[in-house]
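Here is what each chain is made of, one letter per residue.
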Amino acid sequence: MRESVLTAPRSGSAPDVLVARPARPEDAEQIALLSAPFVEQGLLVARPLVELAAVAQDFVVACEGDRLVGCAGVAPAGNGLVVYNLCIAADRQGRGIGQDLVGIAESTARELGYSSLLALTRHGGEWFGKLGFTEVPASETREEWRTLFRPGRKSTLYRLRLTSEQSGNRSTPACRLKQTKE
């Protein structure tokens, strides 16, 4: 994953400048803090700090200065790449940051030759639907994807099929993603 610059508007003022970059092991504590409210609501799986540090290379983070304001894990799942632990700080939601993080995951999936991008969530699928994802019925869930489900969580799997006709750019005027070199 490359480092990217995100600009998110503030109400009535100049946009915030956010940097999206691959996470580092030292980001694990901030990822845990960012995830905590969602874990408390039952929307994310609780992950120990040591686990987050061990899989930090799977995450892309959106940073405002030294503060992490968003994150998303991205990991292989058969012929797809799964987005997990997607969360945005409460005071930064609604600015397109999550959409841009999903866009980065989509671009990564394309670059690596995956045929689909997956998202497993307990949150309503409307948001993912707006990004072009469709719900995967249980009858169509591949064996390789079933390992993603945690017993008792009642999560739903969504899939974005990646075709050459799609642009892979999920940026909106609310939060523009500009690719930069590392």
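Shown above is the structure to which this text applies.
The sections below set out a description of the structure shown in this document. (Residues numbered from 1 in each chain as written. Predicted model: local features only at pLDDT ≥ 70, side-chain atom pairs only at ≥ 80, totals over all residues. Heavy atoms only, no water.)

With that settled, the discussion passes to the pairing of strand β8 (residues 156–161). Within a regular beta strand, the side chains point alternately toward one face of the sheet and then the other, so they alternate between its two faces. By the bridge criterion, six bridges tie strand β6 (residues 116–121) to β8 in an arrangement that is antiparallel. Each residue of the ladder has a partner; that of Leu-118, found in β8, is Arg-159. Taken together, the two bridges between strand β7 (residues 134–135) and β8 define a ladder with antiparallel strand orientation. Directly across from Thr-134, in β8, lies its bridge partner Arg-159. (Pairing = 2+ DSSP bridges. Helix = DSSP H or I, 4+ residues; strand = E, 2+ residues; numbered from the N terminus.)

By the criterion of burial, β6 is predominantly enclosed, with five of the six residues buried. In the sheet, strand β5 (residues 80–88) pairs with β6 via four bridges, with the strands oriented parallel. Across the sheet, Val-83 pairs through a bridge with Ala-119, a residue of β6. Crossover connection from β5 via helix α3 (residues 97–111) to parallel β6: handedness right-handed. (Buried < 20%, exposed > 50% of the residue type's maximum accessible area, 1.4 Å probe, protein only. Right-handed = clockwise from strand over helix to strand, strands pointing away.)

Moving on, we get to the pattern of salt bridges. Counted according to the given criterion, the structure contains eight salt bridges. Between Arg-24 and Glu-26 there is a salt bridge whose closest N-O contact spans 3.2 Å. Judged by its relative accessible area of 39%, Arg-24 is partly exposed. One network of salt bridges, with partners in common, ties together Glu-64, Arg-67, Asp-91 and Arg-92. (Salt bridge = Lys/Arg side-chain N within 4 Å of Asp/Glu carboxyl O.)

Applying the stated rule across the entire model yields four aromatic pairs. Consider the rings of Phe-59 and Tyr-84, whose centres lie 5.4 Å apart with planes at 70 degrees: the pair is edge-to-face. Taken as a pair, Phe-59 in strand β3 (residues 59–64) and Tyr-84 in strand β5 lie far apart in primary sequence, 25 residues in all. The class for Phe-59 is buried, based on a relative accessible area of 0%. What makes Tyr-84 buried here is its relative accessible area of 16%. Both rings, one in Trp-127 and one in Phe-128, keep their centres 5.0 Å apart while their planes meet at 85 degrees; by these two values the pair is edge-to-face. Residue class for Trp-127 comes out partly exposed when judged on its relative accessible area of 33%. In textbook terms, an aromatic cluster arises when at least three aromatic residues are bridged by ring pairs, as seen for Trp-127, Phe-128, Phe-133 and Tyr-158. (Phe/Tyr/Trp six-rings, centres within 6.5 Å; stacked < 30°, edge-to-face > 60°.)

Turning our attention to helix α1 (residues 28–40). Its 13 residues give α1 an end-to-end C-alpha distance of 18 Å, which sits within 8% of 18 Å, the value for a rise of 1.5 Å per residue. The principal kink in α1, of about 35 degrees, is found at Leu-34, preceding the proline Pro-37 by one to four residues. Buried within α1 are the following residues: Ala-28, Ile-31, Leu-34, Ser-35 and Phe-38. Residues of α1 that are buried in the fold lie against α2 (49–54), β3, β4 (67–77) and β5. One or two steps after α1, the chain reaches Gly-42, where phi turns positive at roughly 80 degrees. (Expected span 1.5 Å × (residues − 1). Bend = angle between axes of the 7 residues up to and from the residue. Contact = heavy atoms within 4.5 Å.)

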